[in-house]
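What follows is the residue order along each chain.
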Amino acid sequence: RSPENSTTSMGGSALNTLRVAAKSSAVKAIMLGAVGDDETGERLCEKCRACKILPLFQQVAGKRTGQCAVLVCAESKKRTLCGRRGAYKDYSPQPLDDPKSPERLVLVRASLLFITSYTITNSNRAEAAGKLIKYGDCTLAISLSSAGLLKDPATLQRLFDVLMPSCSICFC
C-alpha cells in the first residue's frame, strides 16, 4: 500500500513523450519494451491502452517489471531517482529480424522513431536500437535527457556508433 503522500503513475521520458503524442489524432503511438510477468506489467499495458498507446511489450518470464521511485524533498523540491531495472534489460532484439513480427510490421510504417539514451545502456538494447534504425525508414529523434548515463565509456561508444549517425533530431 502507498502512504498518503505518495502516488503511483506510469512515466519516464519515452512514455511521457508518447502520452503527449497520442493526444494527437494524427499520431499512432506505439511503445516497444519488456515487462515482467507480474501485476505491474499488466497495469502498465492497461494504462498504455487507456492513453491510446499500443504496448508491444515482450513479457519476460520470472522477472519483475522495472520501476523507478522518485523521492521529492518537500522543502527544496529536489528529487532523487531510485530504480529497479527489472525486465527491461532483457528486451530481445531477435523479433525485429522477422519481417512478419508485430514490432517489424509497425516499424516499417512509422514516420518517427524516438529513442532515449537509456535505451543503449546494455548491449542487447543497443542491438535492438540498431535494428530499429536499420529496418525503419523514418526520422530518428534521440533524447539525451539521461545525460548522467553517458558518463560510461561503453554507453557513449554505443551512442556514437549506433544512434548518432542516423539522428535527425536530438533533444538535450
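Heads up: the structure comes first, above all this text.
Counting restarts for each chain, with residues numbered from 1 along the sequence as it is written. Under the rules for a predicted model, residues below a pLDDT of 70 receive no local features and side-chain atom pairs below 80 are neither given nor counted, while totals for whole chains, interfaces and linings still include all residues. The basis for every side-chain value is the complete set of non-hydrogen atoms in the structure, without hydrogens or water.

*Asks:* How should helix 4 (residues 123-135) be read in this particular structure?
*Replies:* Given 3.6 residues per turn, any residue in an α-helix points the same way as the ones three and four places further on. Relative to the 18 Å expected for 13 residues at 1.5 Å per residue, helix 4 spans 18 Å between its end C-alpha atoms, a close match to the ideal helical length. Any residue under 20% of the maximum accessible area for its type is buried, any over 50% is exposed, and the rest in between are partly exposed; the area is computed with a 1.4 Å probe on protein chains only. For helices the rule is a DSSP run of H or I covering at least 4 residues; for strands it is a run of E covering at least 2, with both sets numbered from the N terminus onward. Within the span of helix 4, buried status applies to Arg125, Ala126, Ala128, Ala129, Lys131, Leu132, Ile133 and Tyr135. Contacts: residue pairs with any heavy atoms within 4.5 Å of one another. Residues of helix 4 that are buried sit in contact with strand 1 (29-36), helix 3 (102-107), strand 5 (112-116), strand 6 (139-143) and helix 5 (153-163). To estimate the expected span of a helix, count its residues, drop one, and scale the result by 1.5 Å.

*Asks:* Which parts of the structure should I look at to understand the packing of aromatic side chains?
*Replies:* Aromatic rings considered in pairs are described by the distance between their centres and by the relative angle of their planes. Ring geometry is summarised as follows: Phe, Tyr and Trp rings, the Trp one being its six-membered ring, pair when their centres sit within 6.5 Å, and such pairs are stacked at plane angles under 30 degrees, edge-to-face over 60 and tilted between the two. Evaluated as defined, the whole model comprises one aromatic pair. Ring centres 6.2 Å apart and planes at 65° place the aromatic pair phenylalanine 114 and phenylalanine 171 in the edge-to-face group. Of this pair, phenylalanine 114 sits in strand 5 while phenylalanine 171 sits in strand 7 (residues 169-171); the two residues are 57 residues apart in sequence, bridging distant segments of the chain. A residue is classified by how much of its surface remains accessible, and phenylalanine 114, at 23% relative accessible area, is partly exposed.

*Asks:* Honestly, the pairing of strand 5 in this entry has me stumped. Any pointers?
*Replies:* Regular strands place their side chains on alternate faces of the sheet. Here, any two strands with at least 2 DSSP bridges between them count as paired. For strand 5 and strand 6, the ladder comprises five bridges, and the chain directions are parallel. Bridge assignment links isoleucine 115 to a residue of strand 6, and that residue is isoleucine 142.

*Asks:* Sorry if this is basic, but what is going on with the environment of valine 27 here?
*Replies:* Looking at the secondary structure, you find valine 27 in the loop between helix 1 (13-22) and strand 1. For valine 27, a relative accessible area of 37% corresponds to the partly exposed category. C-alpha of valine 27 to C-alpha of serine 111: the two residues are 84 residues apart in sequence and 9.5 Å apart in space.

*Asks:* Explain the nonpolar core here, please?
*Replies:* Looking at soluble globular proteins, one finds that nonpolar side chains tend to be buried together. Among buried residues, the Ala, Val, Leu, Ile, Met, Phe, Trp, Tyr and Cys ones that are joined through side-chain atoms within 4.5 Å form a nonpolar core. In this structure, Leu113, Ile115, Ile120, Ile133, Leu140 and Leu163 are the most contacted members of the largest nonpolar core, which totals 20 residues. Beyond its immediate stretch of four places on either side in the chain, isoleucine 115 contacts Ala129, Ile133, Leu140, Ala141, Ile142, Ser143 and Leu163. By size, the runner-up hydrophobic cluster in this structure holds 12 residues, among which are Leu15, Val35, Leu44 and Phe57.

*Asks:* Whenever I open this one, the environment of glutamine 67 confuses me. Can you help?
*Replies:* In this fold, glutamine 67 is placed in strand 3 (residues 67-72). Residue class for glutamine 67 comes out partly exposed when judged on its relative accessible area of 35%. If we ignore the near neighbours within four places in the chain, the residues touching glutamine 67 are Thr40, Cys82, Gly83 and Arg84.

Function cannot be read off these values alone, since they describe shape.
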